[in-house]
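# Summary of the model geometry
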Amino acid sequence: MLAQGGLAAQWLLFWQAGPDGWARVWNFLHLATRRFEIGNFSISLINLAVAVVLLLAAFTLSRFLRSFLTPRLAARTHLDPGIQYTILRLTHYVIVTVGLLAALKIGVGADFTSLAVVFTALSVGIGFGLQYIANDIASGFILLFERPVRIGDFVTVGTIDSHVIEGRVTYINLRTTVVMTNDRIAIIVPNSKLVSDRLINWSYADKRSRISIPIGVDSNADPQLVTETLLRAAEGVEFVLPDPKPSVMFDGFGDFTNDFRLNVCTDRPRRYKQIKSDINYRIWQLFKEADIEIPNPQRDLSLRGGALDVRVQRAALDDAGPDNISEDEAAARPAQLSH
C-alpha cells in the first residue's frame, strides 16, 4: 500500500508539472533516440541499451540451454562424453556469436562492410602480435571437431621445467585446455601445444592401457619359476584387469642378468604409477620367498702403469726412535698415500 501510494504521489507530481513534465520526457526520449555518427557506425543510447540487454540475454540463454541439455545428454549412455562436451560447447559458441552479431547490428548499426573493416584491423593485429592467440583458438576448434583429445582422457604432453605434463583432461576451452594431474594440480595448457607437440593419449582408442614392468634376474634363475612368480605378483593388485590376462615376456640376455617384462592392463591409466609401485612391492616379496636374486653388477678396477708416492708415517719412525729401526723395517711400516 505504501509503495502504491508513493507511486501515485509521483504520478500526481508529474501531472501537476503540466507541460514541463511532458517536455522533460520528450527531451529524454529525443536524447535517447538521437543518433551519433562515428565513422561508418550510427550509435544511439537506446540502441546501445538494447544491445547490452540482447548480449546478456544470449549468455543467459546459453547457460539455460546447456543446463537443459546436460542431464539429457548424460542419460544417453551410448554417446561418448567427449561428444557431449563438444555439443555443449558448440551450442554456447553459436548462441553467443549470434547474440554478439545482433547486438553489434542493433547497437552500432554494423553491417557486413563494417564487420569486414573490423576483421581487417584484427588481422593486422594478429599479424603483429596476436598470432599465438589465433593459433590457440584455431587449435581449440581442431580439438573440438577432430577430437584427438577428449574430456576424461589421460594424456602425456610436453614438459614444464623438465617435468612431463601428465594428467586427465577436465576442460577444453576456446584457447586453453585444463589438465588435472595425479597430485590434483590443474595445469593450463595452450591448445596449440596439444595440436603441434608430441602427445600421448592413453585413452584414445581404448580405455584400457598396458603397463610394462621390466625386471632383471640372476642368470642362474629358472625362467619358468621367474615367469610364475611374476604372474603371481600381478594377482589381486587393485586396478589390474583380469582380461586381458597379465603376461610375461623373456626379453633377452643382458651382461649380468636375464631380462623379463611383466605386462598388465588397467582401465585406470592415471593410476599407473601406484599400480606399478604395488606390483614392485609384491615382486620383491615373492622373489625373496622364492630365492630369486636381482643381481647388482660389480666391477673390479685395475690400475696399469703410473706411480704412487708412498711416504712412511713419520709418527711411527719417531716412536721407534732413529737408532732402533732399520731402513727395511721402516719400509715395512704402514704407509699412507700423499694426496
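Look above for the structure.
The sections below set out a description of the structure shown in this document. (Residues numbered from 1 in each chain as written. Predicted model: local features only at pLDDT ≥ 70, side-chain atom pairs only at ≥ 80, totals over all residues. Heavy atoms only, no water.)

A few words on the overall build of the protein chain. For the protein chain, the helix and strand inventory stands at ten helices and twelve strands. Split into buried and exposed, the 339 residues of the protein chain put 30% on the buried side. For the protein chain, the share of sequence-separated contacts (at least 6 apart) that also reach a separation of at least 24 residues comes to 61%. Carbon together with sulfur atoms contributes 59% to the accessible area of the protein chain, which is approximately 23,500 Å² in total. (Helix = DSSP H or I, 4+ residues; strand = E, 2+ residues; numbered from the N terminus. Buried < 20%, exposed > 50% of the residue type's maximum accessible area, 1.4 Å probe, protein only. Contact = heavy atoms within 4.5 Å. Areas by Shrake-Rupley, 256 points an atom, 1.4 Å probe, with all protein chains shown as cover.)

Before going further, it helps to examine the pairing of strand β4 (residues 163-172). In summary, the side chains of a regular strand alternate between the two faces of the sheet. Bridge count between β4 and strand β5 (residues 176-180): four bridges; the pairing is antiparallel. Bridge pairing links Tyr171 to Val178 in β5. Taking the residues between adjacent antiparallel strands as the criterion, β4 and β5 are bridged by three residues. (Pairing = 2+ DSSP bridges.)

On to the pattern of salt bridges. Working definition: two side chains of opposite charge can pair if their charged atoms are close together. One pass over the structure, following the stated rule, counts four salt bridges. Linking Arg150 and Asp153 is a salt bridge whose minimum nitrogen-to-oxygen distance equals 3.4 Å. The buried category is assigned to Arg150, whose relative accessible area is 12%. Since its relative accessible area comes to 0%, Asp153 is described here as buried. (Salt bridge = Lys/Arg side-chain N within 4 Å of Asp/Glu carboxyl O.)

It is worth spelling out the nonpolar core at this point. Val217, Val226, Leu230, Leu262, Ile279, Ile283 and Phe287 are the most contacted members of the largest nonpolar core, which has 22 residues in total. Among the elements of the structure, β8 (209-218), α7 (223-233), β10 (257-266) and α8 (272-289) are those that each provide at least two residues to this core. Considering each element in turn, this core owes the most residues, six residues, to α8. Membership of the second largest hydrophobic core comes to 15 residues, among which are Val149, Val157, Val169 and Val179. (Core = buried A, V, L, I, M, F, W, Y, C linked by side-chain atoms within 4.5 Å.)

On to the sheet that holds strand β9 (residues 247-253), then. Taken together, three strands build an open sheet; the order of strands is β8-β10-β9 and the sheet is antiparallel. Two strands close off the open sheet at either side, each with one partner strand: β8 and β9. Between one strand axis and the next, the sheet turns through 25 degrees on average, direction left out of account. Across the sheet, α8 touches β8 and β10, and the angle it forms with β8 is around 30 degrees. (Axes fitted to C-alpha atoms, helices over the stretch in contact; angles between N-to-C directions.)

Here we come to the side chain of Asp218. Looking at the secondary structure, you find Asp218 in strand β8. In contact with Asp218, not counting residues within four places along its chain, are Asn258, Glu293 and Pro295.

Enumeration over the complete set of coordinates arrives at three aromatic pairs. Geometrically, the ring pair formed by Phe250 and Phe253 is tilted, given 5.3 Å between the ring centres and 55 degrees between the ring planes. Overall, the relative accessible area of 38% leaves Phe250 in the partly exposed class. For the pair Phe250 and Phe260, a centre-to-centre distance of 4.3 Å together with 25 degrees between the ring planes defines the contact as stacked. Pair noted here: Phe250 is in strand β9 and Phe260 is in strand β10, with a separation of ten residues, a long-range link. (Phe/Tyr/Trp six-rings, centres within 6.5 Å; stacked < 30°, edge-to-face > 60°.)

Below, the discussion takes up α8. For α8, built from 18 residues, the straight-helix expectation of 26 Å at 1.5 Å per residue is met to within 8% by its first-to-last C-alpha distance of 26 Å. Within the sequence span of α8, burial applies to Tyr272, Ile275, Ile279, Ile283, Leu286 and Phe287. Viewed along the axis of α8, the buried residues span an arc of 95 degrees, placing them on a single side of the element. Every exposed residue of α8 that faces more than 90 degrees away from the buried side is listed here: Lys273, Tyr281, Trp284, Lys288 and Glu289. (Expected span 1.5 Å × (residues − 1). Arc of directions from axis to C-beta.)

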